Structures are given as structure tokens and as C-alpha cells.
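Listed below, chain by chain, are the residues.
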Amino acid sequence: MTITDRAIASYLGLAIGDALGSTVEFMTPREIAVQYGTHANLIGGGWLHLKPGQVTDDTTMALALGESILAQGRVDALAAAQAFDAWMRAKPVDIGNTVRRNLLQFRKTGEPHAPYSDHDAGNGAAMRVLPVSLATLGQSEDAVRVACRAQAHVTHHCALSDAACETLVLMVQDALRGATKNDLLHQHAHPLAARHPEFKFRAVRQSQNPSGYVADTLQAVFQSFFDTDDFRGCLIDVVNRGGDADTTGAIAGMLAGALYGLEEMPEEWLKALDANTLRSCEGQARALIKLTGKS
Ligand code: MN
Ligand code: MN
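Everything quoted here is computed from the prediction, not taken from an experiment.

Basis of the calculations
Residues numbered from 1 in each chain as written. Chains lettered and ligands numbered in written order. Predicted model: local features only at pLDDT ≥ 70, side-chain atom pairs only at ≥ 80, totals over all residues. Heavy atoms only, no water. Donors = N, O, S within 2.8 Å, 3.2 Å for Na, K, Ca; no water. Buried < 20%, exposed > 50% of the residue type's maximum accessible area, 1.4 Å probe, protein only. 1 Å grid on protein atoms, 1.4 Å probe; cavity = no way out; pocket = protein on both sides within 12 Å on 5 of 7 lines; lining within 4 Å. Points joined across faces, edges and corners; volume = space filled by probe spheres on them. Helix = DSSP H or I, 4+ residues; strand = E, 2+ residues; numbered from the N terminus. Nonpolar A, V, L, I, M, F, W, Y, C, P; charged D, E, K, R; others polar. Salt bridge = Lys/Arg side-chain N within 4 Å of Asp/Glu carboxyl O.

Participant: Help me get a handle on the coordination of the manganese ion (ligand 1), residues and values and all.
Facilitator: Around the manganese ion (ligand 1), the protein contributes the donor atoms T56 (OG1), D57 (OD), D58 (OD), D94 (OD) and D246 (OD), at 2.0 to 2.7 Å from the metal centre. Mapped onto the sequence, the residues coordinating the manganese ion (ligand 1) show the spacing T-D-D-x35-D-x151-D. Between the manganese ion (ligand 1) and the manganese ion (ligand 2), both coordinated by D246, there is a metal-metal distance of 3.6 Å. Residue classification places T56 among the buried residues on the basis of a relative accessible area of 0%. When its relative accessible area of 7% is taken as the criterion, D57 is described as buried.

Okay, here's the thing in C-alpha cells:
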């Protein structure tokens, strides 16, 4: 499997997880079970009244960021802030509070780095990191971390958010290069939890109804990702936990897509995904990997 194939699978995984999870976003696992049994299809609906296969801010912010990286030839904070601002002006279907607040601040100041705040520990920067991972493949770990923070700090300037973003980006890069699930567990997930105990994810109780707090989100994603053995099983497991299900779905889909690759993507999900989104994700994945010369 080529790096480009895995990169495309990761981008499509992000979009599929977002579209699948958005149907049950803010529901509890019990409410999901009553209404759907097991939720496993891209049927739209949810609190945003989406069309089947439609995605939300998780995917559209990633695409906006990816376009800015391709236009600049690198990850640039000001270009990312301008891209997110244009995205917000185009009236997206949903937008997080921290994203909105700090983009409105950017409009006033022109300063693309939000002030530091431990309260801005939502998952809004982590959900859109994928284009950074693809664009910086092959760069030094330090350079990758700098690029992660440049995009993240436009809206989320917070140590826990940074730790999550950097871990996810480095995990995806290793998965693109063919790392196993076990490698990802021991080289990234456990070290993250060792540095920041908030991310410990092997609790006695399964993480249900995960909130938008980035540690809650990653606990659910890691439990599902490491406890399942295929793309479909991982995504179904994570979105049926409810809560911020479009975002857990998007992040889990990005990781599982990079790990398992294109052949594992369920045909019915690829067919159901919004066609324009599918084209944009595939095109960006190819272009971003081409930018690195690592295809
Ligand atoms: Mn969303
Ligand atoms: Mn969400």
C-alpha cells in the first residue's frame, strides 16, 4: 500500500467518521440504542438536520486548512487564520464556541495566535489537524510540532490541545509509513498519557458520551481504535458512544483510515459520502503528499 493510498484513506476516514457520527451527536448511548439499535449508516439527520453523507465543521475546517497549506506551500498561521475566517463567513453548518470567539478576535486584531488559555481545551484544533500531518511528512519532529501549533493556536492555545494535536499528527505519519497498531499504542498513546494523565484511556468504565473536552474525546477515540481490528468496527464503536460523536468519529476515522488503508473502507460508506466532499478529500490528500515528495 502506498503512502498516498493511506493518506487518501485517512482523509476519507475523517469525512466518513464525521458524517456517520453527526447523526448521533449529543445523544447518549442509551438514546442511540433506542432509536437505531446500532447506528452504522450515513443517513444524515441529527440535531443539524444534515443530508445523508453530509459532513460538518470537522471536515470542512480541515479542507479549509489544507487549501491554505497548498496555496502557501507550507503551514502558515496567518494563512490558516484567513482561511478559517473565510470559512466562517461562508456560514458553515456548525461552529464551536472557542473557534468562533477566537476567529472574531482575529478579525479585530489581525493576530493569528489566540492568547493562552487553559480553558480552551476543546477538541476544535485536534479535529482538523490532518492536512498538517500530510504536509509535514518527512520533516523533523520539532518542525512537525511547530507546524501543529501554528494551525492550532489560531483558535486553541492550550497545552492539552497542543499535546493532542501533536500526538495525532505524529501517529498518522507513522501509520502512513506502515506502523502497526501496537507501535502507535506504545510510541504515541501511552507516552501522551504518561506526560498528561488526563489522556489515560484504559479506565475501568468505558468512555461513554464523550464531551468536546479534548481529553474526553481522545479517551473515547483511543479506546475504540485500540480495541477494534478494522475500520468499520472502529467507527461504529466510537460513534455509538454518543456525545461529540461527529468529532470522535472524524478523529478515529482519520487514524483508522491511515492504519487500515483504502481496501478496508466499506463500499456503502464511500458511496453514501457527499460526492464533492469525497473529491475534495481525495484531491487534497494527493496534493499534500505530493508537496512532501514522499508519494
Ligand atoms: Mn462537527
Ligand atoms: Mn463535534
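Participant: Run through the layout of surface pockets, naming residues and quoting values.
Facilitator: Within this model, the largest pocket holds a volume of roughly 380 Å³. As for the largest pocket, its lining consists of 24 residues, and the residues nearest its centre are E25, G96, N97, N123 and D244. Listed by contribution, the elements that provide at least two residues to the lining of the largest pocket are α3 (57–72), α5 (97–109) and α12 (245–260). At 3 residues, α5 tops the list of elements feeding residues into the lining of the largest pocket. Split into classes, the residues belonging to the lining of the largest pocket amount to 6 nonpolar, 12 polar and 6 charged. Estimated volume of the second largest pocket: approximately 280 Å³. Contributing to the lining of the second largest pocket are 13 residues, with V55, T60, L63, W87 and T277 lying nearest its centre.

Participant: Tell me about the coordination of the manganese ion (ligand 2), and please be specific about residues and values.
Facilitator: Reference values for angles at a metal are 109.5 degrees in the four-donor tetrahedral case and 90 or 180 degrees in the six-donor octahedral case. Only E25 (OE), D244 (OD), D246 (OD) and T247 (OG1) from the protein reach the manganese ion (ligand 2) as donors, at distances of 2.1 to 2.7 Å. Coordination of the manganese ion (ligand 2) draws on donor residues from a single chain, spaced E-x218-D-x1-D-T in sequence.

Participant: Residues and numbers for the pattern of salt bridges, please.
Facilitator: Scanning the model with the defined rule gives 12 salt bridges in all. With its nearest N and O atoms 2.9 Å apart, the salt bridge here joins E166 to R149. Taken together, the residues E166 in helix α8 (residues 159–176) and R149 in helix α7 (residues 141–152) connect sequence positions 17 residues apart. Judged by its relative accessible area of 31%, R149 falls in the partly exposed class. As a salt-bridge pair, R232 and E268 come within 2.9 Å of each other at their nearest N and O atoms. Taken together, the residues span a long stretch of sequence, with R232 in helix α11 (residues 231–239) and E268 in helix α13 (residues 267–272) at a distance of 36 residues. Residue R232 is classed as partly exposed on the basis of its relative accessible area, which comes to 32%.

Participant: Quick rundown of unusual backbone geometry? Include the residues and the values.
Facilitator: One non-glycine residue, H49, lies in positive phi territory at about 55°. With respect to the helices, strands and loops of the structure, H49 is situated in the loop between α2 (29–36) and α3. A positive phi angle is found at N209, which is not glycine, with a value near 55°.

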